[in-house]
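Structural description and commentary
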Amino acid sequence: MKVLASAPGKVTLFGEHAVVYGYPALVVAIERRVYAFAESREDNVIKISAKDLRVPGIVISYIGSEVVLETDYGMVLPAIAYINKAIELTSKYLGSRKGVNIEIKSEMPVGAGLGTSAAVAISTIAAYAVANGHSLDKEEIARIGWEVEKEVQGIASPMDTSITSLGGYLRIKYGKSTVERARLNVGTELPLIIGYVEREAKTKDMVAMVRERLERYPDIYSDIMKLIGQVVSRAEGSLLSGDLSELGFLMNLNHSLLDALGVSTRRLNELVNVARDSGAYGAKLTGAGGGGCVIALVPEKGEVVETAMRLHGSMVMRTKLGAEGVRIERTE
Ligand code: PMV
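Residues numbered from 1 in each chain as written. Predicted model: local features only at pLDDT ≥ 70, side-chain atom pairs only at ≥ 80, totals over all residues. Heavy atoms only, no water.

1. Side note on the site of the ligand
Close to the ligand lie 15 residues, the nearest being K10, H17, S157, T203 and A288. One nitrogen or oxygen atom from the side chain of S157 is found 2.5 Å from an oxygen atom belonging to the ligand. Between an oxygen atom of the ligand and a side-chain N or O atom of T203, the distance comes to 3.1 Å. Its free accessible area being 380 Å², the ligand has 94% of it covered by the protein chains. Of all the secondary-structure elements, those providing two or more residues to the shell around the ligand are helix 4 (159–166) and helix 5 (203–216). When grouped by side-chain class, the residues that make up the shell around the ligand number six nonpolar, six polar and three charged. (Near = heavy atom within 4 Å. Polar contact = N/O pair within 3.5 Å; in protein donor to acceptor, adjacent residues only side chain to side chain. Areas by Shrake-Rupley, 256 points an atom, 1.4 Å probe, with all protein chains shown as cover. Helix = DSSP H or I, 4+ residues; strand = E, 2+ residues; numbered from the N terminus. Nonpolar A, V, L, I, M, F, W, Y, C, P; charged D, E, K, R; others polar.)

2. Quick word on the pairing of strand 10 (residues 282–286)
Among the five residues in strand 10, five count as buried, and that is most of the element. Sheet topology places strand 10 next to strand 11 (residues 292–297); five bridges connect them, and they run antiparallel. Paired with K284 across the two strands is I295, which belongs to strand 11. Hairpin connection from strand 10 to strand 11: five residues lie between these consecutive antiparallel strands, with G287 at a positive phi of about 95°. (Buried < 20%, exposed > 50% of the residue type's maximum accessible area, 1.4 Å probe, protein only. Pairing = 2+ DSSP bridges.)

3. Details of the pattern of salt bridges
In the structure shown here, the tally under the stated rule is 17 salt bridges. E31 is the salt-bridge partner of R33, the closest N and O atoms lying 3.8 Å from each other. Judged by its relative accessible area of 1%, R33 falls in the buried class. Ionic contacts of the salt-bridge type, sharing partners, join the residues K85, E88 and E151 into one network. (Salt bridge = Lys/Arg side-chain N within 4 Å of Asp/Glu carboxyl O.)

4. Description of the packing of helix 7 (residues 244–261) against helix 8 (residues 266–277)
Interaxial distance between helix 7 and helix 8 falls to 12 Å at its minimum, and their mutual angle equals 165°. Taken together, the axes of helix 7 and helix 8 lie roughly antiparallel to each other. Crossing of helix 7 against helix 8: the hand is left-handed. Counted together, N252, H255 and D259 of helix 7 and N269, V272 and R276 of helix 8 form the full contact between these two elements. Looking at the contact of helix 7 with helix 8, its residues break down into one nonpolar, three polar and two charged. (Axes fitted to C-alpha atoms, helices over the stretch in contact; angles between N-to-C directions. Parallel < 35°, antiparallel > 145°, perpendicular 65-115°, else oblique. Left-handed = near helix turned anticlockwise from the far one by under 90°. Contact = heavy atoms within 4.5 Å.)

5. Section: the domain arrangement of the chain
Once the domains are mapped, the chain shows domain 1 (2–185 + 322–331) and domain 2 (192–317). In this complex, domain 1 contributes 31 residues to the contact, which on the side of domain 2 involves 40 residues. Of the roughly 3,100 Å² buried between domain 1 and domain 2, counting both surfaces, carbon and sulfur atoms make up 71%. Ranking the residues of domain 1 by area buried against domain 2 places F14, H17 and Y21 at the top, with a combined share of 24%. Counting the contacts that link domain 1 with domain 2 gives two salt bridges. The partner of K284 in a salt bridge is E16, and the shortest N-O contact between them spans 2.9 Å. Linking domain 1 to domain 2 there are ten residue pairs in polar contact (both at pLDDT 80 or more). When contributions to the side of domain 1 that touches domain 2 are tallied by element, the ones reaching two or more residues are strand 1 (2–14), strand 2 (25–40), helix 3 (138–153) and strand 7 (169–174). Within the side of domain 1 that touches domain 2, the residues separate by chemical class into 20 nonpolar, seven polar and four charged. (Domains from an automatic or database assignment. Buried area = accessible area lost by both parts, 1.4 Å probe.)

6. Looking at the nonpolar core
Counting residues in each nonpolar core, the largest one holds 89 residues, and the members touching the most others are L13 and F14. When residues in this core are grouped by element, the largest group, eleven residues, is from helix 2 (residues 116–131). When residues of this core are assigned to domains, at least three fall in each of domain 1 (2–185 + 322–331) and domain 2 (192–317). One finds V19, V20, A25 and Y174 within the second-largest nonpolar core, a separate group that totals 14 residues. (Core = buried A, V, L, I, M, F, W, Y, C linked by side-chain atoms within 4.5 Å.)

7. Re the sheet that holds strand 9 (residues 192–197)
Ordered by their spatial adjacency, four strands build an open sheet running 10-11-9-12, and the pairing between neighbours is antiparallel. Of all strands in the sheet, those bounded by a partner on one side alone are strand 10 and strand 12 (315–317). Neighbour-to-neighbour, the strand axes of the sheet open up by a mean angle of 25°, direction not taken into account. Here six bridges tie strand 9 to strand 11, and the two strands are oriented antiparallel to one another. Looking at the pairing, V197 lines up with G292 of strand 11. Against the sheet, helix 7 engages strand 9, strand 10 and strand 11, with an angle of about 45° to strand 10. This element, helix 9 (residues 303–311), spans strand 9, strand 11 and strand 12 of the sheet and lies at about 0° to strand 9.

Structural data, given as structure tokens:
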């Protein structure tokens, strides 16, 4: 049997990092998807191939007469770990393990902070389950996906796996034994531009770094987390009422607090400032930080901001927001 499943990427509008400590976050699925193709096998072998996992960052340095080429390929290998774990945990959940060929393709760069790891895990779970003769609902897929992220990353909130499973816009908050998810009915399309600069650190390391600081300076860092939570609560109202200028202001505030947590970088701060200076209502890093993506909320078409961000050397992406969650594209 052959199955093609897909799951969308995401951007975190507000509340990354603080979500790990029980505060709410607002997140939206984007119309860039990861595709998992599963083909069942007669034997017990699991074969994984990852093609076209867009790897954007290439740095060419001249050291004396030597030319050194570095890429973000380091981000590709971890993606494979999510596929392996997704098959292992889905087999366990279904109580049956079958041989399968899995092939992954992505319409967005992996490891950039757009939730590709979760989309890889979630689309693999959906495709593998069907190839294995079962079909899982979105809630089940989201739950297995979260376990995959936790096992591969160590610490992970259910944010990415929830949004890529369910799609749309979500407010998400979780505690020791609860996950609260609320769908947000955002009426108007948000004029967002996504800019990407090379990633200097992985999500896992950024989350661990924040945890260390929180343990070392609990009084200071827990207050920063609390402030992020307050920004998120205000932002939800402005998102629902479509107040772009307030949303922009709150994005700026959220970015400053993320910078205070230590997860921004000079390049990210520069890109945020370039977007603001060229007319954006507001801009912030999105995702774990340490490089990766910035989102800018722009007036109307936002060409000036887009050009300024490109000139600054970032890769720029425009995409529709509120995409559908995981789905089976076809079976043969
Ligand atoms: O960079 P991403 O897309 O993996 O986002 C990480 C978001 C964090 O809040 C930093 C971690 C988490 O698990 O929620």
